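Report on the structure
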Amino acid sequence: MKNCDYQQIDPQALPTPTPTPPPHQGEPRAGEDKPKTPKRKWEVFPGKNRFYCDGRIIVARQSGVLPLTLGLILVTSGLFFIFDCPFLVKHLTSCIPVIGGVLFVFVVITLLQTSFSDPGILPRATPDEAADIEKQIDQTGNTSYRPPPRTKEVLINQQVVKLKYCFTCKMFRPPRTSHCSLCDNCVERFDHHCPWVGNCVGKRNYRFFYTFIVSLSFLTAFIFGCVTTHLALRAQGGKGLVFALQESPGSAVELVICFFSVWSILGLSGFHTYLVASNLTTNEDIKGSWSGKSGGEDVTNPYSHKNIFINCCSVLCGPMPPSLIDRRGFLPADESAQTGAADIELPTLAVKNEANVFLYPLDTLVTLSGAVGFQLPAIIIIILIIITVSTTFVPLHVYIHVLYELYIYFFMFLYIMCCKIDLAIIVGNLININSLYIPSCVFIYFTVFISLFHSQTVLVSIRSFCVCGCACVCVCVCVC
Amino acid sequence: MVQDWRKLEVVDRCVADSYETPTMAETHSLQDLQQPAVSSKVFVQRDYSSGTICKFQTKFPSELESRVDKQQFEETIQTLNNLYAEAEKLGGKSYLEGCLACLTAYTIFLCMETHYEKVLKKIARYIKDQNEKIYAPRGLLLTDPIERGLRVVEITIFEDRSIGSGR
């Protein structure tokens, strides 16, 4: 008779720290019995993320350069549709705006999905879990000092992998998981924190990110080709390029933007295609975890399926993992009181984040120009752009030199920005870096040096010399 | 939600005799009920020997030796592992879903429930079923791993001091 007491208990309602509503739907009827509206879990989220639309949209704390990315894409595509499409539809075919439109829609949708979705954040360990893990590790029971980094070794496909203990999230990180210091979260299959997208790239949004950069490279190349064709058609009949540019000034802006970005984006797409085909993450590639540099001789990637096609399919077309943080779920009333006691600053953080929403543009500016050695290239770029714009009456071969200069500055700017934002990884492994930026920079230096000696104008020679000098300074700043 | 609270009241009235707490007619906080009932928690960690797929260790925890049959427990964990493997399986169906999603710029994820989510619902039903049939009568409760970020299977052991017979 007494046994039936337990059977009367509805397992869902038993006093565990889990909220009673089912995990994926925040049931509003939880609020009916309580005197005040219950909080949603995103309001007490411990990481440095911001939430909009009642928890549906998640972004990193610093939006990075996302407004710039979005602005460049919108401006370039807008100018393309306004200036180039009417002419090309009349003289060539009406497929051009259609293809451009489809690519543009793809780019914007995947960019927004990459920026606003959960990259695969692991929720922090509950106090009970943390205590259990501590008990297993700490035999002495001495917690007066921070013990040395704890690691656990596991055997994955006959490969020894070390799992590190995360002191912030109080758990052993699963393999391929890394803690992002900018977002203050452990992210599964952590690739990198992308400032252009303003979010981490991890297990859940890697496919969005990859589709974004691939479609962006197609879009950029497509616009570049169309603009070149447009200007060539206009300049026919001996009218000249300058006349064509004066008739369609928007095309000049598009040409500049596309020429800059197409190489870096194509390079990035190529790099990520290589990563997808070998089932690696940027983090692992930079650290050289599986290439035998840091490990022993027989170090192979244990996660690779040893088949390029299967690797690609598993990374890009695999099942979509669910979000583990359940942002829109409700906290039961006592849970919010418990978390309030444990981490008192959390509810106020949500309020602080709301207040900071107007300071984000300043935040971005500070990030961009904050580090030492950073202001100098930025100022130089601005000065050069002003000089370039004012030299509209210079002949074509000088235009090419000027474009090369701006390109180098842009590259160095990009490189420094990436370095300064992700200093710990990049600078520490600069010799081992497997990026395409260094070889392409070297290539550009050589071409500029050669053009320096063949140049007709003294002014351009001096400028090219300054470009190389400044580029060398920038590289030294990065390395030191 | 309202009926759940009512069931807790029933339990509290039975428990009140041995713990001498005043029977509270109105709904009371879970914490008051928690202290006398919960004894400890056991965590079954993830097994990473096959990579990053979701799989839990089938090793039987020593704290449960007196409570539940080893065979039963291992079967539960093994079924959970099989269900998660089914969710993460790379096959024709998941590739088709992935390619279709890619072609629509992943907007179908906003309208359609993914295969993984369907299997997660199946897992939730299975755990509820197991709790009702096997674990609750023995004073145990399995927590769905999704509520712990797919890191552990949390098993809560309830004290049965008030019901001391037959253990």
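Residues numbered from 1 in each chain as written. Chains lettered and ligands numbered in written order. Predicted model: local features only at pLDDT ≥ 70, side-chain atom pairs only at ≥ 80, totals over all residues. Heavy atoms only, no water.

Filter applied, for reference: UniProt positions are given in the numbering used here, feature names are shortened, and annotations may be inferred rather than shown by experiment.
An unreviewed UniProt entry annotates chain B as Golgin subfamily A member 7 originating from Sphaeramia orbicularis. A UniProt comment under Subcellular location (unreviewed entry) is attached to chain B, and it reads "Golgi apparatus membrane".

You'll find chain A entered in an unreviewed UniProt entry as Palmitoyltransferase, with Sphaeramia orbicularis given as the organism. The record in UniProt for chain A states the following under Catalytic activity (unreviewed entry): "L-cysteinyl-[protein] + hexadecanoyl-CoA = S-hexadecanoyl-L-cysteinyl-[protein] + CoA". If you open the UniProt record of chain A and go to Sequence similarities (unreviewed entry), you find "Belongs to the DHHC palmitoyltransferase family."

Some details on the overall build of chain B
Applied cut-off: Only runs of H or I of at least four residues qualify as helices and only runs of E of at least two qualify as strands under DSSP, and these elements are numbered from the N terminus. Burial classification: accessible surface area is computed with a 1.4 Å probe over protein chains only, and a residue below 20% of its type maximum counts as buried, one above 50% as exposed, and the rest as partly exposed. In short, Shrake-Rupley with a 1.4 Å probe defines the accessible areas, and a residue's cover is counted only from the protein chains shown.
Check the secondary structure of chain B and you find 6 helices and 3 strands. Starting at the N terminus and ending at the C terminus, chain B contains elements arranged as α-α-β-α-α-α-α-β-β. Taken across its 167 residues, chain B has 49% of its residues classed as buried. Of the roughly 8400 Å² of accessible surface on chain B, 52% is carried by carbon and sulfur atoms.

Re the sheet that holds strand S3 (residues 121-122) of chain A
Working definition: the strands of a sheet are paired by backbone hydrogen bonds and lie parallel or antiparallel to each other. Residues and elements named next belong to chain A. Our working rule: Any two strands between which DSSP finds at least two bridges are classified as paired.
Strand order across the open sheet formed by 3 strands is S3-S8-S7, with antiparallel pairing between neighbours. Bordering the open sheet on either side are S3 and strand S7 (178-180), each of which pairs with just one other strand. Across 2 bridges, the pairing between S3 and strand S8 (residues 185-187) is antiparallel. By the bridge assignment, Ile121 is partnered in S8 with Val187.

Side note on the sheet that holds strand S6 (residues 171-172) of chain A
Across the sheet, which stays open at both edges, the 3 strands sit in the order S4-S5-S6 (chain A) with antiparallel pairing between neighbours. Looking at which strands have only one partner, the edges of the open sheet turn out to be strand S4 (151-156) and S6 of chain A.

Points about the packing of aromatic side chains
All names here are of chain A. This is how the line gets drawn: Stacked, tilted and edge-to-face pairs are distinguished by plane angle, under 30 degrees for stacked and over 60 for edge-to-face with tilted covering the rest, among Phe, Tyr and Trp rings (Trp via its six-membered ring) whose centres lie within 6.5 Å. When the NZ atom of lysine or the CZ atom of arginine is within 6 Å of a ring's centre and also within 35 degrees of its normal, the charge is said to sit over that ring.
Under the definition given, this model contains 13 aromatic pairs over all chains. Relative to Phe51, the ring of Trp42 has its centre 5.8 Å away and its plane inclined at 40°; by these criteria the two rings are tilted. The burial state of Trp42 is the same as that of Phe51; both residues are buried. On the basis of an interplanar angle of 70° and a centroid distance of 5.3 Å, the ring pair of Tyr165 and Phe172 is categorised as edge-to-face. Phe172 carries the same exposure label as Tyr165, and that label is buried. In this structure an aromatic cluster arises from ring pairing among Phe80, Phe81, Phe104 and Phe222. The residue whose ring lies beneath Lys152 is Phe172, and the NZ or CZ to ring-centre distance is 4.8 Å.

A look at the UniProt feature "transmembrane region" (unreviewed entry) in chain A
Residues and elements named next belong to chain A. When the UniProt feature table is mapped onto this chain numbering, "transmembrane region" (unreviewed entry) sits at residues 65-83, 89-112, 208-233, 253-277, 406-428, 435-454 and 460-479. From the first C-alpha to the last, residues 65-83 spans 27 Å; its make-up is 95% helix and 0% strand. Taken end to end, residues 208-233 is 100% helix and 0% strand, and its first and last C-alpha atoms sit 37 Å apart.

Some words on helix H7 (residues 249-277) of chain A
Inclusion rule: A helix is expected to reach a length of 1.5 Å times the quantity of its residues less one.
Taking 1.5 Å per residue, 29 residues should reach 42 Å; H7(A) reaches 42 Å between its end C-alpha atoms and fits that length. Positioned one or two residues after H7(A), A:Asn279 has a phi angle of 50°, which is positive.

Brief notes about the pattern of salt bridges
Formally: Definition used for salt bridges: Asp or Glu carboxyl oxygen within 4 Å of a side-chain nitrogen of Lys or Arg.
Applying the stated criterion across every chain yields a total of 13 salt bridges over all chains. Residue A:Asp184 pairs with A:Arg124 through a salt bridge whose shortest N-O separation is 3.1 Å. Taken together, the residues span a long stretch of sequence, with A:Asp184 in the loop between S7 and S8 and A:Arg124 in the loop between S3 and helix H4 (127-137) at a distance of 60 residues. Three or more residues are tied together by salt bridges with common partners; here these are A:Asp128, B:Lys41, B:Arg148 and B:Glu154.

Focus on unusual backbone geometry
Residues and elements named next belong to chain A. We note that Asp54 has phi near 55°; this positive angle belongs to a residue other than glycine. Secondary-structure assignment places Asp54 in the loop between strand S1 (49-52) and strand S2 (57-60). You can call Asp54 partly exposed: its relative accessible area is 33%. Despite not being glycine, Lys170 has its phi angle at roughly 60°, a positive value. When you line up the elements, Lys170 lands in the loop between strand S5 (159-166) and S6.

What to know about the confidence of the model for chain B
Residue and element names in this part refer to chain B. How we decide: A residue's pLDDT is the predictor's confidence in that residue, given on a scale from 0 to 100. In what follows, a contact means two residues having at least one pair of non-hydrogen atoms within 4.5 Å.
Of the residues in chain B, 72% have a pLDDT of 70 or more, and the chain-wide mean is 77. Least confident of the elements in chain B is helix H1 (residues 2-19), whose mean pLDDT is 45; most confident is helix H3 (residues 70-87), at 92. Residue range residues 1-29 is modelled with pLDDT below 50. Its contacts to residues more than four positions away, or to other chains, number 35 contacts. Interface confidence in the predicted complex, given as ipTM, is 0.74; pTM for the same model is 0.67.

Comments concerning the nonpolar core
Keep this limit in mind: Residues belong to one nonpolar core when they are buried, are Ala, Val, Leu, Ile, Met, Phe, Trp, Tyr or Cys, and are joined through side-chain atoms within 4.5 Å. Domain segmentation is taken from an automatic or database assignment of domains.
In this structure, A:Ile73, A:Phe80, A:Val161, A:Phe212 and A:Leu216 are the most contacted members of the largest nonpolar core, which totals 45 residues. Of all the elements in the fold, those that place two or more residues in this core are helix H2 (66-91), helix H3 (95-116), S4, S5, helix H5 (206-234), helix H6 (241-247), H7 and helix H9 (308-316) of chain A. Of the residues forming this core, the biggest block, 12 residues, is contributed by H5(A). Two domains share this core, each providing at least three of its residues, namely domain 1 (41-122 + 174-421) and domain 2 (124-173) of chain A. With 38 residues, the next largest nonpolar core counts B:Val44, B:Leu64, B:Leu80 and B:Tyr135 among its residues.

Quick word on the packing of H5(A) against H7(A)
Residue and element names in this part refer to chain A. Defined as follows: Every axis in this analysis is a line fitted to C-alpha atoms, fitted for helices over the stretch in contact. Angles between the N-to-C directions lie between 0 and 180 degrees. Here a crossing is called left-handed whenever its near helix is offset anticlockwise from the far helix by less than a right angle, and right-handed whenever the offset is clockwise. Here the term charged refers only to Asp, Glu, Lys and Arg, the term nonpolar to Ala, Val, Leu, Ile, Met, Phe, Trp, Tyr, Cys and Pro, and the term polar to all other amino acids, Gly among them.
Contact geometry for H5 and H7: axes closest at 8 Å, N-to-C directions at 145°. For the element pair H5 and H7, the recorded crossing hand is left-handed. In the contact of H5 with H7, the residues fall into 20 nonpolar, 9 polar and 1 charged.

Considering the confidence of the model for chain A
Residues and elements named next belong to chain A. When pLDDT is averaged across chain A, the result is 71; 57% of the residues are at 70 or more. Note on residues 1-34: pLDDT is under 50 here. Beyond four places in sequence and across chains, it has 69 contacts. Every residue in residues 335-374 is under pLDDT 50, and counting partners more than four places away or in other chains gives 35 contacts.

Considerations on the side chain of A:Asp191
All names here are of chain A. Selection rule: Charge counting treats Lys and Arg as positive and Asp and Glu as negative, with His and both chain ends excluded. As used in this structure description, the phrase polar contact means that two N or O atoms lie within 3.5 Å; if the pair is within protein, one of them must be able to donate a hydrogen and the other to accept it, and residues adjacent in sequence are counted only when both atoms belong to side chains.
Tracing the chain through its elements places Asp191 in the loop between S8 and strand S9 (192-194). Look at Asp191: it is buried, it has no salt bridge, and the nearest opposite charge is Arg189 at 4.8 Å. Looking at Asp191, its side chain comes within polar contact range of the side chain of His192, at 2.6 Å. Beyond its immediate chain neighbours, meaning those up to four positions away, Asp191 contacts Val201, Gly202, Tyr206, His272, Leu275, Thr281, Thr282 and Asn283.

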